[in-house]
Amino acid sequence: MAADTTTHSDHPTDLSRLLSAIAAAPVLPGDPLASITQQLPELCDASSAAAAILWSPEGGGFRWQASHGVELTDASPNSDFTADIVANAERVYAAGLADIFITPESSSAFDSPGDPDATDTPPHDLDDAPIRELVLFHRQLVFPIRREQQTLAVVELFQPSRLPETSHWTLADLQQVQTELERSIAPAEPDAKPSPKILDTAAPLAAIAATATQGNQPNDEASSPDEAIDQEIAAAAEIDDAPPAADDADAATQVDPVAAPIPTTQPADLESNAASLEPAPTDRTIAEVASPAPIARVVQSPELQSRAMRVAEIVGRNLHETEVAFDVVNELHAFFGEGRISLAIFRGQSCVVRAISNQQVFDRRSESVVAIQRLATRSATARLAIWSPEQASDLPPELTRLLDIYYEATDAQSAAFIPLIQQREPSNDPDDLAAIVRDRDASPGDVVGVLAIEGLQRPLCRDEILPMWQAVELPVVNAVANARRHNSLFLMPVWKELGHFTNLFRGHHRNKAIGITLLLTAIIAALSLVPADFKLRCEGIVQPTQRSKVYAQTEGVVDQLLVSDGQWVQQGQVLLTLSNPALSAEIADVEGKLRETRQKLKTCRLQRLLGDFKDDEQRQTNVRQCAGFEASLSKIQDQYDLLLEKQAQLQITSPADGQIVTWDMPQRLTARPVQPGQKLLTIADPKGPWELELKLADKRSGYLRDVIDEQPTATNAAENDDADTGSLKTSYVLASHPTLVREGTIREIARSADVDEDQGNIIRVYVDIGKQPADSEVRTRPGTEVIAHIHVGRSSIGYCKLYEFFDWAKRIWFKYV
């Protein structure tokens, strides 16, 4: 929990004396940390701290050095207080930024040891009372010590939480002490100039520059540290009240963050670099930061600097790209006090909007977001800040067209797109020729993103936005760059989760974490090693083995239904009758033709018997006529017999003895037209054996075929185009009675696959389940759905439960490899 940096310390005299003492202390060249250790008591006195600790990693352990009687040499690295202190130290050591931590338990509910009014007990059971008091009832002021861009150690000050608020050190105080300690152990340079006087970073940069210039004058009289601080504060107030000069205003308006890239430093350097400024003697309002690429900085008021420090602190508190983006846009929106802020991350050849101020969720495909991304991409690739409409006349036609599209999609009156450029840090070693050549040939800086500022209520004023942006540009650029670099690491989410997992093994949660880990290990081992029955799940229906289906033999309409569902019938019994008016009319017509032909044939034969012929020609004509009538009569008779056969088929009879198992026949058949081959009824023998008709997915049939091939008679079965499946068991449950588990034996497996509307390609498997027990209370009806498990061997529990996932992974692997 970081402290609020907007409140400054009320003891500048003690702090200035401490900084002067650190600067005057001797330095041990062999062990720089020993020099800092000598300063621990003075740090405790100046900050009213109960203890000060110097922590640094050495090998596999820690290096502890404490002051004020608190000894940590005998402290157990696994104790709770050590885990608390080390966790804060490691966080600051890794981030390289000073911070202030307040223990959540340090509240009014926990009084100091020995207080008779104390009723609650702290959650940590600590054996060492002094260390317990440090952890629970003190603020931890932590800052790193760096030398030659390397973090050597971390200093922790334990300031009592019950001190007055005005006596609490702030983050700015810590940064001053950190800067002076790092300067005191910095390696000496042959031609190095004497370090300038330590000034209060809360004062404006112009006041620091003016005071430093006055201190370098030859007639400047020596003064005490208290008088020096008073002069600095007075100079700051005098400059704040004075109106800016014309040259200064011109300099302020000409500053462009793109033209002058910012060096890569930590966000804390925004304040700590103030101690190493070398301002020009002819300009009181502009100070140049000592960096490889100097940048003109406009003097800011103390209030604006305090707000900028808060922005720097918030945007640099984590490394998650999305969280950093939301922190940046929301803090800058509050910092600027107007407009809408968007942040687009530049990666590859395009920008992607990651966050929009005051919007938790937004549509990345919306026209406004797409327009912002296009303009941000052009700004990043060209490394050019776009201010519209101020630069409308100077922009190329392509940008003008994109701006027109942007204004049509949004309600903004003006917009600014500022590329975030991180300057490469040059080498400080004059003897490293390779680094010098690399720095000379390096690009002017890496574009990490683009900041889009939209004016909604009124147009943006560049002269107002730029000075404010310069105050927070450095920490914002570094925060976005660090987050983008951190997010680009390979498998970063996996490493992050592993890091969270290892943190569980520290502190008072260690035993629980070990227990949970052992439990998970045992579960994984059981899933991998313990065998179980390997079963293939499939669905189907149960029905009698002896069953007959009744089909329509001719076309017609159901006239009479003579049976009902569940009725027992005998072979040859009429089940239903059909009517066919067209067939009846055709039969009547053929009958008429048949009678007429018979009458003609009879007359012709009678005439031949009487012999009433005039000549032989009449006799031959009679013979021919009789033969013709006989042939016609034969054809008409055959046609009549065929029609009678069709008429007989209008009566549907039972093909076997059994029970009608067709449900709801009156609704399905009465007065319904039927076609030849249409199924009408089903007759089954429920007293005989029953079977399961299962639908096994074709993609799982391989397991079943493998087991069949391993049977002793597999060779003979393959030659006979059949398989011996008598040893394969199947367990099933009825959908109507899911608690009753029964078993059966596979009888037959279809040789070809069918297509099912719901499951796709399937293999039909028939399972014998025997006769139903006569005394069973559960009477199975034909067609009842079942869920079956086919036993195909044994395997590990994990594979039995997850074999479908493994099969899917194998198919995907084969598909893309």
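Nothing here was measured: the structure is a model prediction, and the numbers come from that model. (Residues numbered from 1 in each chain as written. Predicted model: local features only at pLDDT ≥ 70, side-chain atom pairs only at ≥ 80, totals over all residues. Heavy atoms only, no water.)

A. Geometry of the overall build of the protein chain. Within the protein chain, the regular secondary structure consists of 24 helices and 28 strands. A burial count over the protein chain gives 41% of its 817 residues as buried. In the form shown here, the protein chain has an accessible surface area of approximately 44,600 Å², with 52% of it arising from carbon and sulfur atoms. (Helix = DSSP H or I, 4+ residues; strand = E, 2+ residues; numbered from the N terminus. Buried < 20%, exposed > 50% of the residue type's maximum accessible area, 1.4 Å probe, protein only. Areas by Shrake-Rupley, 256 points an atom, 1.4 Å probe, with all protein chains shown as cover.)

B. Layout of helix α12 (residues 321–336). For α12, built from 16 residues, the straight-helix expectation of 22 Å at 1.5 Å per residue is met to within 8% by its first-to-last C-alpha distance of 22 Å. Those residues of α12 not exposed but buried are Glu321, Val324, Ala325, Phe326, Asp327, Val328, Val329, Glu331, Leu332, Phe335 and Phe336. Elements in contact with the buried residues of α12: α11 (302–315), β9 (340–347), β10 (350–356), β13 (446–455) and α16 (462–487). Gly337 lies just past α12 and shows a positive phi near 80 degrees. (Expected span 1.5 Å × (residues − 1). Contact = heavy atoms within 4.5 Å.)

C. Seen up close, the environment of Ala471. Counting through the fold element by element, Ala471 comes out in helix α16. Placed 162 residues apart in sequence, Ala471 and Met309 show a C-alpha to C-alpha distance of 8.8 Å.

D. Inspection of the pairing of β10 at higher detail. Where β9 and β10 come together, six bridges link them in antiparallel fashion. Each residue of the ladder has a partner; that of Arg347, found in β10, is Ser350. What sits between β9 and β10 in their antiparallel hairpin is a turn of two residues, with Gly348 showing a positive phi close to 75 degrees. (Pairing = 2+ DSSP bridges.)

E. Representation of the side chain of Asn622 in the model. Along the chain, the position of Asn622 falls in helix α20 (residues 616–648). Once residues lying within four places of it in the same chain are set aside, the contact partners of Asn622 are Cys604, Gln607, Arg608 and Phe613.

F. Just the side chain of Glu454, in detail. Tracing the backbone shows Glu454 in strand β13. For Glu454, a relative accessible area of 1% puts it in the buried group. At a separation of 2.5 Å, a polar atom in the side chain of Glu454 contacts the side chain of Tyr406. Filtering out sequence-adjacent residues up to four positions away, Glu454 remains in contact with Gly339, Arg340, Ser342, Ile372, Tyr406, Thr410, Ala412, Ser414, Ala415 and Leu460. (Polar contact = N/O pair within 3.5 Å; in protein donor to acceptor, adjacent residues only side chain to side chain.)

G. Local environment of the sheet that holds strand β18 (residues 574–579). One open sheet accounts for four strands, arranged β19-β18-β16-β21; its pairing is antiparallel. Whereas interior strands pair on both sides, the edge strands pair on one side only; in this sheet they are β19 (651–653) and β21 (673–674). As paired elements, strand β16 (residues 556–561) and β18 share four bridges and run antiparallel to each other. Directly across from Leu561, in β18, lies its bridge partner Leu576.

H. Local environment of the nonpolar core. The biggest cluster of nonpolar side chains holds 37 residues, and the ones touching the most others in it are Leu332, Phe335, Leu343, Ile453 and Trp469. At the level of secondary structure, the elements contributing two or more residues to this core comprise α11, α12, β9, β12 (414–423), β13 and α16. For this core, the leading source of residues is α16, giving twelve residues. Other than its neighbours up to four places away in sequence, Ile453 contacts Phe336, Arg340, Ile341, Ser414, Ala415, Ala416, Ile418, Leu460 and Ile465. Judged by nonpolar contacts, the second largest core, of 28 residues, contains Leu575, Leu583, Leu633 and Ile636. (Core = buried A, V, L, I, M, F, W, Y, C linked by side-chain atoms within 4.5 Å.)

I. Main features of the sheet that holds strand β17 (residues 568–569). Pairing within the open sheet is antiparallel, and its four strands lie in the order β15-β22-β20-β17. Edge positions in the sheet fall to β15 (547–551) and β17, since each has one partner strand and no second. Strand direction decides the pairing type here: strand β20 (residues 658–660) and strand β22 (residues 679–684), joined by two bridges, are antiparallel. Note on β22: the bridge partner recorded for Ile660 is Ile683.

J. Layout of the packing of α12 against α16. Axis separation between α12 and α16 bottoms out at 9 Å; the angle between their running directions is 175 degrees. Considering their axes alone, α12 and α16 lie roughly antiparallel with respect to each other. Residues Glu321, Val324, Val328, Leu332, Phe335 and Phe336 of α12 form the contact with α16, whose own contacting residues are Ile465, Met468, Trp469, Ala471, Val472, Val476, Ala479, Val480, Ala483, Arg484 and Asn487. (Axes fitted to C-alpha atoms, helices over the stretch in contact; angles between N-to-C directions. Parallel < 35°, antiparallel > 145°, perpendicular 65-115°, else oblique.)

K. Structural detail: the packing of aromatic side chains. In total, this model carries eleven aromatic pairs according to the counting rule given. The rings of Phe534, Tyr703, Tyr799, Tyr803, Phe805, Phe806 and Trp808 are connected pair by pair, giving a single aromatic cluster. (Phe/Tyr/Trp six-rings, centres within 6.5 Å; stacked < 30°, edge-to-face > 60°.)

L. Summary view of unusual backbone geometry. Omega for the peptide link from Ser388 to Pro389 comes to 10 degrees, which places this bond in the cis form. For Asn358, which is not glycine, the phi torsion reads 60 degrees and is therefore positive. Position of Asn358 relative to the elements: it lies in the loop between β10 and α13 (367–382). Non-glycine residue Ala671 carries a positive phi angle of around 60 degrees.

M. Main features of the packing of α13 against helix α14 (residues 397–409). For the pair α13 and α14, the least separation of the axes is 9 Å and the interaxial angle reads 155 degrees. In terms of orientation, α13 lies roughly antiparallel with respect to α14. Where α13 crosses over α14, the handedness of that crossing is left-handed. On α14, the residues that touch Glu367, Ser368, Ala371, Ile372, Arg374, Leu375 and Arg378 of α13 are Glu398, Leu399, Leu402, Leu403, Tyr406 and Ala409. Residues that form the contact of α13 with α14 fall into these classes: eight nonpolar, one polar and four charged. (Left-handed = near helix turned anticlockwise from the far one by under 90°. Nonpolar A, V, L, I, M, F, W, Y, C, P; charged D, E, K, R; others polar.)

N. Region of interest: a nonpolar patch on the surface. A contiguous nonpolar patch, built from Leu802, Phe805, Phe806, Trp808, Ile812, Trp813, Tyr816 and Val817 and spanning about 920 Å² of accessible area, is present on the exposed surface. Within the element layout of this structure, Phe805 appears in helix α24 (residues 797–816). Look at Phe805 and you get partly exposed, because its relative accessible area is 48%. (Patch = residues over 30% accessible without salt bridge, like charges linked within 9 Å, V, L, I, M, F, W, Y side chains within 5 Å. Salt bridge = Lys/Arg side-chain N within 4 Å of Asp/Glu carboxyl O.)

From the geometry alone we can't say anything about function, so treat these as descriptive.
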